[in-house]
Amino acid sequence: MKDQHHSEYPLAYLRDECPCASCTGAHGTTPQKSNYSGAELFPMFKPALKMVDVESIGSYAVRITWSDGHNTGIYSFDHFRRICPCQDCRAAHVTEPRL
């Protein structure tokens with residue numbers, strides 16, 4: 001966004017917030033959300049999550065290819081702002097009225 005806001009996203013959090021239809025349960029399907037940021041009993045056996053590729057989608061989004069093979073999520077810049085984990089954005093989401 002042009003407001004100079006700075007956001008930082010942990011990789012696991014970004015993967016867990018994938019906006020694709022499979023992960024969100026769009027079209028009435030059961031959400032298939034990942035749980036990379038959740039607590040692991042045996043974290044040493046889980047391969048480290050990595051971004052393999054980031055592709056620009058027009059001037060409004062990026063598509064991330066993850067090391068787990070997932071690549072169908074198109075992360076719009078609006079989506080990045082909606083999921084921004086900074087204290088200011090989290091506080092703003094709490095006070096916004098739900099439609």
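Above this text sits the structure in question.
Computed from a predicted structure; not experimentally measured. (Residues numbered from 1 in each chain as written. Predicted model: local features only at pLDDT ≥ 70, side-chain atom pairs only at ≥ 80, totals over all residues. Heavy atoms only, no water.)

Participant: Help me understand the sheet that holds strand S3 (residues 74-76), please; the structure alone is not making it clear to me.
Facilitator: By definition, the strands of a sheet pair up through backbone hydrogen bonds, in either a parallel or an antiparallel sense. Here three strands make up an open sheet; going across it, the order is S1-S2-S3 and the pairing antiparallel. One side of each edge strand has no neighbouring strand; the edge strands of this open sheet are strand S1 (51-57) and S3. Neighbour-to-neighbour, the strand axes of this sheet turn through a mean angle of 30°, independent of strand direction. Judged from the six bridges that link them, S1 and strand S2 (residues 61-66) form a sheet pairing that is antiparallel. (Pairing = 2+ DSSP bridges. Helix = DSSP H or I, 4+ residues; strand = E, 2+ residues; numbered from the N terminus. Axes fitted to C-alpha atoms, helices over the stretch in contact; angles between N-to-C directions.)

Participant: I tried to follow a nonpolar patch on the surface on my own but got confused; where do I start?
Facilitator: There is a patch of nonpolar side chains on the surface, built from Leu11, Met51 and Val54 and spanning about 230 Å² of accessible area. Structurally, Leu11 is set in helix H1 (residues 11-16). (Patch = residues over 30% accessible without salt bridge, like charges linked within 9 Å, V, L, I, M, F, W, Y side chains within 5 Å. Areas by Shrake-Rupley, 256 points an atom, 1.4 Å probe, with all protein chains shown as cover. Salt bridge = Lys/Arg side-chain N within 4 Å of Asp/Glu carboxyl O.)

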